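# Coordinate inspection notes
What follows is the residue order along each chain.
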Amino acid sequence: LEVGRMPTAEEDRAHFGAWVITSSPLILGYDLRSDAVARRVWRTITDRDVLRVNQDWAGHPGTKVAESPGRGGWKVEVWAKPLSDGAFAVFVINDNSPYLDGGVD
């Protein structure tokens with residue numbers, strides 16, 4: 001888990017989300033002595049809703065359910081994870097640059 005080691009906060013958040021949706025262990029790997037890094041990642045690593053998704057086990061980790069090509073060889077992926085209450089958590093990763101506007105209904 002490389003949160004705090006990515007070039008931007010957005011990349012940290014995306015990386016963390018990928019680990020969360022796949023129910024992977026969340027072990028921090030950044031220098032805990034760095035106040036600047038801690039401030040940058042704190043909202044990401046302490047988001048209770050996100051942590052609940054990671055810890056909720058309904059028998060299956062998240063899997064990629066859709067992928068679409070983007071500009072210049074980049075792509076957008078959609079991952080889904082069943083939750084114990086019958087709902088699904090959804091993770092959308094945009095590998096495009098610049099940002100891609102959109103939503104999930």
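Residues numbered from 1 in each chain as written. Predicted model: local features only at pLDDT ≥ 70, side-chain atom pairs only at ≥ 80, totals over all residues. Heavy atoms only, no water.

## A look at the confidence of the model for the chain
The condition that has to hold: For every residue, the predictor reports its confidence as pLDDT, a number between 0 and 100. A run of DSSP states H or I qualifies as a helix once it reaches four residues; a run of E qualifies as a strand once it reaches two. Both are numbered from the N-terminal end.
Mean pLDDT for the chain: 86, with 89% of residues reaching 70 or above. For the chain, per-element mean pLDDT is lowest for strand β1 (residues 63-69), which scores 90, and highest for helix α3 (residues 48-55), which scores 96.

## What about the pattern of salt bridges?
Pairs may arise between side chains of opposite charge once their charged atoms sit close together. As a reminder, the rule being used: Salt bridge, as applied in this entry: a Lys or Arg side-chain nitrogen positioned within 4 Å of an Asp or Glu carboxyl oxygen. Partly exposed describes any residue whose relative accessible area lies between the buried limit of under 20% and the exposed limit of over 50%, with all areas from a 1.4 Å probe on protein chains only and scaled to the type maximum.
For the coordinates displayed, the defined rule picks out six salt bridges. Among the ionic pairs, K64 bridges to E77, the shortest N-O distance being 3.7 Å. Taken together, the positions of K64 in strand β1 and E77 in strand β2 (residues 75-82) put the pair 13 residues apart, joining distant regions of the chain. The class for E77 is buried, based on a relative accessible area of 11%.

## Quick word on the packing of helix α1 (residues 9-21) against α3
Which entries qualify depends on this criterion: The axes used here are C-alpha line fits, helices contributing only the stretch in contact, and every angle between their N-to-C directions lies in the interval 0 to 180 degrees. Between two residues, a contact is recorded if the distance between any of their heavy atoms is within 4.5 Å. Note on residue classes: Ala, Val, Leu, Ile, Met, Phe, Trp, Tyr, Cys and Pro are nonpolar, Asp, Glu, Lys and Arg are charged, and everything else, Gly too, is polar.
Following both chains from N to C, one finds α1 and α3 inclined at 35°, their axes separated by 7 Å at the closest point. The residues of α3 that touch α1, namely those facing F16, W19, V20 and I21, are V50, L51, V53 and N54. Per-class residue counts for the contact of α1 with α3 are seven nonpolar, one polar and no charged.

## Concerning the side chain of T44
Mapped onto the elements of the fold, T44 is located in helix α2 (residues 35-45). The class for T44 is buried, based on a relative accessible area of 11%.

## Thoughts on the environment of R33
Convention followed: Pairs of N or O atoms are called polar contacts if they sit within 3.5 Å, as long as, within protein, a hydrogen donor faces a hydrogen acceptor (for residues adjacent in sequence, only side-chain-to-side-chain pairs).
Inspection of the secondary structure assignment puts R33 in the loop between α1 and α2. Polar contacts involving the side chain of R33 include one to the side chain of D31, which spans 2.9 Å.

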